[in-house]
Amino acid sequence: MKLIAGLGNPGAKYVRTRHNVGFMALDEIARRASIPLKKRGHQGVYGVGRFAGVEVTLLKPHTFMNLSGASIGSAVKSLGITPRDLLVLHDDIDLPFGTIRIKMGGGHGGQRGVRHISEVLGTRDYTRIRIGVGRPHPGQDAADYVLRPFTKEEESLLGQVLENAAGAVEVILADGEQKAMNLYHCKEVSV
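Please read all numbers here as calculations on a predicted model, not as lab measurements.

So, how was this worked out
- Residues numbered from 1 in each chain as written.
- Predicted model: local features only at pLDDT ≥ 70, side-chain atom pairs only at ≥ 80, totals over all residues.
- Heavy atoms only, no water.
- Helix = DSSP H or I, 4+ residues; strand = E, 2+ residues; numbered from the N terminus.
- Buried < 20%, exposed > 50% of the residue type's maximum accessible area, 1.4 Å probe, protein only.
- Contact = heavy atoms within 4.5 Å.
- Expected span 1.5 Å × (residues − 1).
- Bend = angle between axes of the 7 residues up to and from the residue.
- Phe/Tyr/Trp six-rings, centres within 6.5 Å; stacked < 30°, edge-to-face > 60°.
- Lys NZ or Arg CZ within 6 Å of the ring centre and 35° of its normal.
- Salt bridge = Lys/Arg side-chain N within 4 Å of Asp/Glu carboxyl O.

Enquirer: How do you make sense of the side chain of aspartate 92 when you look at a structure like this?
Expert: Mapped onto the fold, aspartate 92 is located in strand E5 (residues 86-92). On the basis of relative accessibility, which here comes to 9%, the residue aspartate 92 falls in the buried class. Contact partners of aspartate 92, with chain neighbours within four places excluded, come to Arg130, Ile131, Gly132, Val133 and Gly134.

So, in structure tokens, the structure goes:
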């Protein structure tokens, strides 16, 4: 069993914002795998099924981004898995828009949802799929930037970005992180 969590903020006002790209990528995985995200639990919504031949639980924490660890920690404990069986999809302002990077372990890079997950689990030993949303303009507040919608140009390419993120997860499940890195670290979508 693998737990795949997409990070974001619940509520209509956040739906198409940069901070919710983890939710959007999880929706793409759910669509590909025909797994409805309708069950309530673990302080979020989730669905259970198979993706790339692997039994998975897909989870959207509804704790708001900065407290994502509460939801994910609950699911990890309930499923009886280790953090090595966790994949987290999240936005990253340190990557250009459209870039996908896979990272095992390591620091949180200022991403507060990831920081909280690591604190709750007591380890950084899980896989992250970092989805680049670009950097704010000089002088623009980072928190304000990630809570804003994508530009029209970015929105027109967002579908491909989400497909790439879901594809990376599929390859990780089927063939491992290294193969996914080889395939997806070179794929970039640019505005």
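Enquirer: What is the right way to read helix H5 (residues 152-175) from this model?
Expert: At 3.6 residues per turn, the α-helix brings residues three or four places apart onto the same side. Between its terminal C-alpha atoms H5 stretches 35 Å, which fits the 34 Å expected from 24 residues at 1.5 Å a residue. Of all the bends in H5, the greatest measures close to 45° and is centred on leucine 158.

Enquirer: Teacher, can you tell me more about the packing of aromatic side chains here?
Expert: For the coordinates displayed, the defined rule picks out two aromatic pairs. Ring centres of tyrosine 14 and phenylalanine 64 lie 6.2 Å apart, and the angle between their planes is 85°; this geometry places the pair in the edge-to-face category. Of this pair, tyrosine 14 sits in the loop between strand E1 (2-6) and helix H1 (21-33) while phenylalanine 64 sits in the loop between strand E4 (54-61) and helix H2 (68-79), placing them 50 residues apart in sequence. Residues phenylalanine 97 and phenylalanine 150 carry aromatic rings whose centres are separated by 5.8 Å and whose planes lie at 65° to one another, so their mutual orientation is edge-to-face. Taken together, the residues span a long stretch of sequence, with phenylalanine 97 in the loop between E5 and strand E6 (100-104) and phenylalanine 150 in the loop between helix H4 (142-146) and H5 at a distance of 53 residues. Under the relative-accessibility criterion, phenylalanine 97 is labelled buried at 9%. Directly above the aromatic system of phenylalanine 23 lies the positively charged group of lysine 60, at a separation of 5.2 Å from the ring centroid.

Enquirer: Teacher, can you tell me more about unusual backbone geometry here?
Expert: Negative phi characterises most residues that are not glycine, and trans characterises most peptide bonds. Despite not being glycine, histidine 42 shows a phi value in the positive range, around 55°. If you trace the backbone, histidine 42 turns up in the loop between strand E2 (39-41) and strand E3 (44-51). Residues other than glycine seldom take positive phi values, yet alanine 52 does so here, at roughly 55°. By secondary structure assignment, the location of alanine 52 is in the loop between E3 and E4.

Enquirer: Help me understand the pattern of salt bridges in this model?
Expert: Applying the stated criterion to the full structure yields eleven salt bridges. The closest approach of N and O atoms between arginine 130 and aspartate 92, which form a salt bridge, is 2.6 Å. Taken as a pair, arginine 130 in strand E7 (residues 127-132) and aspartate 92 in strand E5 lie far apart in primary sequence, 38 residues in all. Shared partners join several salt bridges into a network, and the residues in it are Glu28, Arg31, Arg32 and Glu170.

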